[in-house]
Structure formats: C-alpha cells, structure tokens
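# Reading the structure
In case you want the letters, here they are:
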Amino acid sequence: MQTTGTLTRADLAEALHRQIGLSRADSAQIVEQILFEMCDALAHGENVKISGFGTFVLRDKGERIGRNPKTGVEVPIAPRRVLTFRASQTMRDRIVAAG
C-alpha cells in the first residue's frame, strides 16, 4: 500500500476507495471528517478512544525546571497540555505478531 513507511491521509482515502468502493472524493472527505472530529474533541479537552486501536489522552504537565544540555543552565519549562497515545492490547498483539 505505501512505500515511504508512513501512512498518510491519501493512503487511508485510497484504502476506503478500494475496499468499500466509495468514490475517491467521498473517501477523502470521510477521512478528513474523522480527523476533524478527533481534533475537535481533543481541542475541547476530551480524550479519544477507538476500540481495538487505542486512546489519545490529554495530560496537563506542570511547570518544572529543565537543564540546557550544552550549557547546563537551568531554565523553567512552562506548564502545558500534551497529547499521548496508548495502543490497545489488540493493537499491541497485532504489532507483535507482525514483527
């Protein structure tokens, strides 16, 4: 399916086109809508769970002190919200089986 080692939006749309028979335009629109809904939910502070795939979780990280590795100077790192992904057990099993 892909040669670059990266799955893209176009690859997902092409898979929908081939496997379900939707037009390329409809396939691309569905992929875009799914990604939009996921981004919108995350932007509003909701986690996104896709059964059998994994969960995208928002975490708030507090302020902390970091260190510049070149100079050793300590600098404050501002509090921020980060996005993490936790693969489902099904996904982990598939990756191990394929590897």
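Just above, that's the structure.
So, how was this worked out
Residues numbered from 1 in each chain as written. Predicted model: local features only at pLDDT ≥ 70, side-chain atom pairs only at ≥ 80, totals over all residues. Heavy atoms only, no water. Axes fitted to C-alpha atoms, helices over the stretch in contact; angles between N-to-C directions. Helix = DSSP H or I, 4+ residues; strand = E, 2+ residues; numbered from the N terminus. Parallel < 35°, antiparallel > 145°, perpendicular 65-115°, else oblique. Left-handed = near helix turned anticlockwise from the far one by under 90°. Contact = heavy atoms within 4.5 Å. Salt bridge = Lys/Arg side-chain N within 4 Å of Asp/Glu carboxyl O. Buried < 20%, exposed > 50% of the residue type's maximum accessible area, 1.4 Å probe, protein only. Expected span 1.5 Å × (residues − 1). Phe/Tyr/Trp six-rings, centres within 6.5 Å; stacked < 30°, edge-to-face > 60°.

## What to know about the packing of helix α1 (residues 9-20) against helix α2 (residues 24-43)
- Their axes nearest at 8 Å, the elements α1 and α2 cross at an angle of 125°. Classed by the angle they form, the pair α1 and α2 counts as oblique. Considering only the axes of α1 and α2, their crossing is right-handed. On the side of α1, the interface is formed by R9, L12, A13, E14, L16 and H17, while α2 contributes R24, S27, A28, I30, V31, E32 and L35.

## Remarks on the pattern of salt bridges
- Enumeration according to the criterion identifies five salt bridges in this entry.
- A salt bridge links R18 to E14, with the shortest nitrogen-to-oxygen separation between them at 4.0 Å. Linking R18 with E14, this pair stays in helix α1, spanning four residues, or about one helical turn.
- A salt bridge links R81 to D60, with the nearest nitrogen and oxygen atoms 3.0 Å apart. With R81 in strand β5 (residues 80-87) and D60 in strand β2 (residues 54-61), this residue pair connects regions lying 21 residues apart in the sequence.
- Judged by its relative accessible area of 49%, R81 is partly exposed.

## Re α1
- The terminal C-alpha atoms of α1, which comprises 12 residues, lie 16 Å apart, in line with the 16 Å expected from a rise of 1.5 Å per residue.
- All of the buried residues in α1 are D11, A13, A15 and L16.
- G21 sits one or two positions beyond α1 and adopts a positive phi of about 90°.

## A few points about the side chain of S27
- Note that S27 resides in helix α2.
- Since its relative accessible area comes to 0%, S27 is described here as buried.
- When neighbours within four sequence positions are excluded, S27 is seen to be in contact with A13, L16, H17 and L22.

## Quick notes on the environment of A98
- Of note, A98 is situated in helix α3 (residues 89-98).
- Sequence-wise, A98 and R18 are 80 residues apart; in three dimensions their C-alpha atoms are separated by 23 Å.

## Quick word on the packing of aromatic side chains
- Scanning the entire structure with this criterion turns up two aromatic pairs.
- Here the aromatic rings of F56 and F85 are separated by 4.8 Å at their centres, their planes lie at 50°, and the arrangement is tilted. Residue F56 is located in strand β2, and its partner F85 is located in strand β5; the two are separated by 29 residues in the primary sequence.
- On the basis of relative accessibility, which here comes to 18%, the residue F56 falls in the buried class.

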